[in-house]
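# Per-entry structural report
What follows is the residue order along each chain.
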Amino acid sequence: MKPSLITDHPFGEAYAKRLGVSPWGGNLPGPKVEEWRFTPLRSLAKIAFAPATAKVDAIPNNVPLIAGAARLVLVNGTYRKDLSTVDLGKGVEVYQGKVSAKQGSSLVALNAAYAPQSLALHVTGVAKKVIHIISISAAGSEPAVAHPRINVTAENGSSVTLLESHVGLPGQTYFSNPVASIAVGEGATVRRYVSVDEDSEAFHLATSLVNVAAGGIFEGFHLGLGGALVRQEIRVALTGENAKVHLNGAYALGGASHHDFTTVMDHQVPNCASSQVFKGVVDGESHGVYQGRIHVARDAQKTDARQVHKALFLSRGPQIDCKPELEIYADDVQCAHGAATGEIDANHLFYLAARGIDPETARSLLVEGFLADAVNEINTETVRDLFGSAISAWLKKREVRA
Amino acid sequence: MALLEIKNLHASVAGKEILKGITLNLEPGEVHAIMGPNGTGKSTLSNVIAGRDGYEVTKGQVLLDGEDVLAMAADERARAGIFLAFQYPVEIPGVTTSAFLKTALNAKRRAEGKKEIDAMDFLKLVKAKTAVLGMPYDMIKRALNVGFSGGEKKRAEVLQMTMLEPRVAILDETDSGLDIDALKVVSDGVNSLRSPDRAFLVITHYQRLLDYIVPDHVHVLANGRVMATGGKELALELEAEGYAKYLETAA
C-alpha cells in the first residue's frame, strides 16, 4: 500500500484543527491562512506522494561544485556517507541526530514526523572549509516526498560557511520539505548560502529556523532558480544583544514557476541589526512572492532593521506579490523597508544600444546586473561566483527558449 | 561623399516638430560644433542620429558613408560607427564598467567579422587606454557610472569612445557639469582621437569647450534650423553677443 501524504500522515484533521488551518490537503496550510495567501497549495494537495525510495549512486552533474569544499550528501533526506567527504577539517563535526518537532508550522511538524534522521553539524571552532550540503530528491516512477532535516549548532565564538544545493533528478515529480534549524552561539558567525534549483515539476517548501545569540553574526543568502512551486521561508530570531543578521536573496523565474520568499525577522532584544535585500526577475507566466515581516519587541530598543525587495518583469505575463509587514513595539528604533517592481529601464537599454550591444544581450546584461546587486551581498567569493554563474546559466537557457 | 550627411532632417517629438530641416555634411577629419540656446533641438538632433525611441523623423535623411542610418536600429548604428557621448550617462547598478566595455567591444568585433577579444588582451587594452586618459584603472571594476562624479562619468564616456573607435562621434553637451580641470582631461581625450578618417559633432551651449576642442566649423542652431555657419571665430562672436539675434530672426 502506498501511503499518501494527504491521508496517511500521523496528524490528520485533528492536527490541522488544532493549528487552526484548513483540513483540506491534510496538514497543509490552506488558502485562508494569511501567510500562505499568495502561495496556494492546491496543486500539491492533488498529488498522492509516496515516500521516496529511488536509488541515487552519484552526485548529479547539474550540481555546481566548488573546489576545496567538504561535501555532505543527502538523498531524499537520508545522509549518504558513501557520497560525502569524510574529513570536514577542523572545527566542525557531523553526526546523525534525532529529529524533534519543537516549534513551527505544520510543514515543520510534517518534516519531524517523517525525517529519517537529521544531518547535524556541530561547529566547535573556526571551520576553514566550506561545508557543501547537497540535498538530492529522486522520485523514480511515482511522485515522491522527502523530508531533509539539517541542524547546525555553532558554539560560542565559532564560525562556519555552509553552502546548500537543493536539486532533483530531472523529469520527476517530487516534493521536498526540508527544515533547517540553525543556532548561532554568542560571538559566533554562520554564513549559509542556499541554492534551490529544482526541476520544473518539483515542489519544494523549505523552512529555516535561525536563532542568533548575543554578538552572533548570521549571513544568509537564498537563490531560487526553479521548481513548479517553491517556498523558502526563513524565520530568524535575534535573541542576544548586538546580534547581526544579513539575510539576502535572489530569484529568477520562467515558465510557470512559483517562488515564494517569506521572511520573519524577530528582534527580541535591544541593540541588534538586521538587513535584507531580495531581488527577483520574472518571465513567462511565473509568480514571485516576497513577504517580509519585521517584528520588534517592546524591549528591543536601538534596533536597526532594514528590508528591500525589488522585482523586474521581463515580460507582461508574470505576477509579483510583495508584502512588507513591520510590527514595531519599541519606540527608539530605525526600521526601513522598500519595495519596487518595474520593467527594464528604456534609458538603460538605449545606453547599451548606443554602444552597439544588441537588445537581447543588453537585457541579459541588465538582468544580471539587477540581480548582482543582491548577489554581491555574499561575502564569500567562491559562492558569489558560483551563484553569479548559476544566474548567467539561467539567462542563457532563457535566451534559447526565446 | 561626406562621411556623415544630414539632409533636410525634420523630426518631431509627440507630434511637435523640433527639427525643421537640418542639413550638415561632416567630412572625414572634421570637427563640427553645434551651438545654440536651450530647447532649440540640439539634443534632439543627437538622439535622432543615435536612434533613441520617441523621435519621429518626418522628412530627410542621415547617411553614414552613403548608408541609410535611419533604417538601422540603435545598436546597428553604433556598430556601424556612430558614437553618442551622453550628456547624462546612465547609471547601471550591478553591471561593472569592465563587463560593459567588453560586451560592447565584442559586439563591434563580431560585426566586423573579428574574433572576440580574450580576457588578457582586453585588460591590457583597458590598462593602456585608462593610462592615456589619466583614469584610475580600478574604475573599471566599479558598477557603470554608479557613484561616479560628473567628471568621472564624462571621462568614462571618452574611455568608451577610445575603446570603440567610432567613425563619427557626437558629443552631447559633454562640458555640462565639468569643472575646468575635468574639461581639460576630457578634451585631451577627444583631441587624441582626432584623425583624418573620423569626424566629430560637438554639441555645446558654451564656447568654453571649443577653446579645448577647436572646431573646423561652427553652426548655430535655433528653433530647429541652422541659422548661421562659420569658422571657430563664430563661437567667439556668440560668446560676446549671445544668441538673441538668431532667436529674433527665427521669430
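Residues numbered from 1 in each chain as written. Chains lettered and ligands numbered in written order. Predicted model: local features only at pLDDT ≥ 70, side-chain atom pairs only at ≥ 80, totals over all residues. Heavy atoms only, no water.

Moving on, we get to the pattern of salt bridges. Residue and element names in this part refer to chain A. For the structure shown, the criterion picks out 30 salt bridges over all chains. A salt bridge links Glu 164 to Arg 192, with the shortest nitrogen-to-oxygen separation between them at 2.7 Å. Of this pair, Glu 164 sits in strand β9 (residues 159–168) while Arg 192 sits in strand β12 (residues 189–197); the two residues are 28 residues apart in sequence, bridging distant segments of the chain. Accessibility classification places Glu 164 together with Arg 192 in one group, the buried group. As a salt-bridge pair, Arg 293 and Glu 327 come within 3.4 Å of each other at their nearest N and O atoms. Of the two residues, Arg 293 sits in strand β19 (residues 287–296) while Glu 327 sits in strand β21 (residues 319–328), which places them 34 residues apart along the sequence. Connected through shared salt-bridge partners, Glu 35, Arg 231, Glu 233, Arg 235, Asp 260, Arg 293 and Glu 327 make up one network. (Salt bridge = Lys/Arg side-chain N within 4 Å of Asp/Glu carboxyl O. Helix = DSSP H or I, 4+ residues; strand = E, 2+ residues; numbered from the N terminus. Buried < 20%, exposed > 50% of the residue type's maximum accessible area, 1.4 Å probe, protein only.)

Take helix α5 (residues 346–353) of chain A next. All buried positions along α5 of chain A are accounted for by His 348, Phe 350, Tyr 351, Leu 352 and Ala 353 of chain A. Where α5 of chain A begins, the side chain of Asp 345 of chain A points an oxygen toward the backbone nitrogen of Asn 347 of chain A, at a separation of 2.7 Å. (Polar contact = N/O pair within 3.5 Å; in protein donor to acceptor, adjacent residues only side chain to side chain.)

In this section: the interface of chain A and chain B. Chain A puts 19 residues into the contact, and the matching count from chain B is 29 residues. Approximately 1900 Å² of surface area, both sides summed, lies buried where chain A meets chain B, with 69% of it carried by carbon and sulfur atoms. Ranking the residues of chain A by area buried against chain B places Phe 350, Tyr 351 and Arg 355 of chain A at the top, with a combined share of 42%. Taken together, the connections running from chain A to chain B amount to 1 salt bridge. Between Arg 355 of chain A and Glu 157 of chain B there is a salt bridge, with the nearest N and O atoms lying 2.7 Å from each other. Examining the composition of the side of chain A that touches chain B, we find that 8 residues originate from one element, helix α6 (residues 359–375) of chain A, more than from any other. Across the side of chain A that touches chain B, the residue classes tally to 11 nonpolar, 5 polar and 3 charged. (Contact = heavy atoms within 4.5 Å. Buried area = accessible area lost by both parts, 1.4 Å probe. Nonpolar A, V, L, I, M, F, W, Y, C, P; charged D, E, K, R; others polar.)

As a further point, take the packing of aromatic side chains. All names here are of chain A. Scanning the entire structure with this criterion turns up 9 aromatic pairs over all chains. Ring geometry for Phe 49 and Phe 175: centres 5.7 Å apart, planes at 55°, overall tilted. Of this pair, Phe 49 sits in the loop between α3 (42–45) and β1 (50–51) while Phe 175 sits in strand β10 (residues 174–176), placing them 126 residues apart in sequence. On the basis of relative accessibility, which here comes to 1%, the residue Phe 49 falls in the buried class. Arranged with centres 5.1 Å apart and planes meeting at 35°, the rings of Phe 278 and Tyr 290 form a pair that is tilted. With Phe 278 in strand β18 (residues 273–282) and Tyr 290 in strand β19, this residue pair connects regions lying 12 residues apart in the sequence. When its relative accessible area of 0% is taken as the criterion, Phe 278 is described as buried. Following the ring pairs from residue to residue traces out a cluster consisting of Tyr 251, Phe 261, Phe 278 and Tyr 290. A cation over a ring is seen here: Arg 231 above Trp 36, with NZ or CZ 3.6 Å from the ring centre. If you follow Arg 355 out to its NZ or CZ, it ends over the ring of Tyr 351, 5.1 Å from the centre. (Phe/Tyr/Trp six-rings, centres within 6.5 Å; stacked < 30°, edge-to-face > 60°. Lys NZ or Arg CZ within 6 Å of the ring centre and 35° of its normal.)

This part covers the sheet that holds strand β6 (residues 82–85) of chain B. By way of backbone hydrogen bonds, the strands of a sheet pair with one another, either parallel or antiparallel. Residues and elements named next belong to chain B. If you walk across this open sheet you meet the 6 strands as β6-β9-β10-β3-β11-β12, and the pairing is mixed. Every other strand in the sheet has two partners, leaving β6 and β12 (225–230) as the edge strands with one partner each. This sheet shows a mean twist of 20° between the axes of neighbouring strands, independent of strand direction. Here strand β3 (residues 31–35) pairs with strand β10 (residues 199–204) via 5 bridges, running parallel. Bridged to Met 35 within β10 is Thr 204. Each of β6, β9 (168–172) and β10 touches helix α5 (residues 150–164); the most contacted strand, β6, lies at about 170° to it. (Pairing = 2+ DSSP bridges. Axes fitted to C-alpha atoms, helices over the stretch in contact; angles between N-to-C directions.)

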